[in-house]
Amino acid sequence: MSRIGASLGRIRALSSKEMRHIVRDARTLYLALGMPVVMLFIFGYAVTFDLDRVPLGLFDADRTPESRELARVFDASGVFRLDRSIARDDEIEMLFRRGRILGALVIPPGYGRELGAGREARAQFFLDGTDGASAAIALAYAGAIAQSLQLKKLAPMAGDGATPIEVRARLRFNPEARSAVFIVPGLIALILALMTVLLTSLSVAREWERGSLEQLFATPARRIEILLGKLAPYVGLGMLQVLLVLALGTTLFGVPVRGSLLWLFSSALIFIAGCVGQGLLISVVTRNQQLATQVAALTSILPTVLLSGFIFPIENMPVPLQALSAIVPARYFIGALRGIMLKGSGPAEIGPYLLALGVFAGVMLAAANARFRRRLD
């Protein structure tokens, strides 16, 4: 028992020494605690898929109560804003090119007459397709508005005693369809994947460059104790980053946490352990801070942003990229976070994600330890 106590004491001493280095290093402290806050503000406020008051131009060649009602419905939707009336239809192209409008509603002559006669009345809706994602969302809203008007038209024709047609759509887990609710869980994974890997690889690579790591191995501390002592502070920093982003995300953006915090932090701990192992492996292979920084950024940022489902749905990717995304650990961590935070998922639902994260952590730590031993032998 005294042997275990002595081992824990050495690990604690090494961890305390490493933590003092972190606190004294302003750059490391900023990367660990300042950068997550900056990234949260940028992604939370600047990166958004919400459409709000898209400026529309209106060319009403009919000028009837029916055409004015159609324009009013678009303007009252909250998604579109009738920014200006267009006198001639040839002005639409010019306004699109100058960026004055992002959409145009064109109501041809005879719209009201056709609608009053019970025949199909057509209007045209143009969108600036430069931003394809926003245009697709706006087009879906426009289609929903047109459908609601069509149902209102059909209801009086259903006959006496018939039940009017009514369609109600509800969004589960994110009723207001806010981008922040979708982004913040993925942002936690991005911050951990970047910061934990980067800080760990930089720390150990710095020790290689200075030669201080070899000096530690001349002490009574065993290799595993040295590794645990060096890496434990970064695991703690990773958990602190999760708590910081979670607190700010729920406070500033109203992101819910419907599931268990125990499972949330457990999945985060497994993911952090894998990222720490990845950072250690990078530092052992490169043994250079500059190269370690480049490799850490390349292997953490790009896969997390592009292949994890953080922003782009995996189902929409080509099949080869979908297969490649299967080895990206952030994919499983984001799935677990969104399940826990937004859906209130428990062990049965997030179990496969935790299993995949456990495999990732085990492989990274085993590979890093094996390469570390070969470097010293």
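Being a predicted model, the structure only gives us computed values, none of them experimental. (Residues numbered from 1 in each chain as written. Predicted model: local features only at pLDDT ≥ 70, side-chain atom pairs only at ≥ 80, totals over all residues. Heavy atoms only, no water.)

### Topic: empty space enclosed by the protein
Phase 1 of the analysis: Evaluation of the coordinates by the stated rule reveals 3 cavities of 30 Å³ or more.
Phase 2 of the analysis: Counted as a void, the largest cavity has a volume near 40 Å³.
Phase 3 of the analysis: Lining the largest cavity are Val204, Leu213, Ile226, Leu227, Lys230, Leu231, Leu280 and Phe372.
Phase 4 of the analysis: At 4 residues, helix α9 (residues 223-252) tops the list of elements feeding residues into the lining of the largest cavity.
Phase 5 of the analysis: Per-class residue counts for the lining of the largest cavity are 7 nonpolar, no polar and 1 charged.
Phase 6 of the analysis: It is helix α7 (residues 179-210) that contributes the most residues to the lining of the second largest cavity, 4 residues altogether.
Phase 7 of the analysis: Looking at the lining of the second largest cavity, its residues break down into 3 nonpolar, 2 polar and 1 charged. (1 Å grid on protein atoms, 1.4 Å probe; cavity = no way out; pocket = protein on both sides within 12 Å on 5 of 7 lines; lining within 4 Å. Points joined across faces, edges and corners; volume = space filled by probe spheres on them. Helix = DSSP H or I, 4+ residues; strand = E, 2+ residues; numbered from the N terminus. Nonpolar A, V, L, I, M, F, W, Y, C, P; charged D, E, K, R; others polar.)

### A look at the packing of helix α10 (residues 261-286) against helix α13 (residues 329-343)
Phase 1 of the analysis: Contact pair α10 / α13: the axes reach a minimum separation of 10 Å and the direction vectors enclose 170 degrees. Classified by the angle their axes make, α10 and α13 are roughly antiparallel. Across the interface between the two elements, Trp263, Leu264, Ser267, Ala268 and Phe271 from α10 touch Pro329, Ala330, Phe333, Ala336, Leu337, Ile340 and Met341 from α13.
Phase 2 of the analysis: Of the residues that constitute the contact of α10 with α13, the class distribution is 11 nonpolar, 1 polar and no charged. (Axes fitted to C-alpha atoms, helices over the stretch in contact; angles between N-to-C directions. Parallel < 35°, antiparallel > 145°, perpendicular 65-115°, else oblique. Contact = heavy atoms within 4.5 Å.)

Read these as layout, nothing more, since geometry by itself doesn't imply function.
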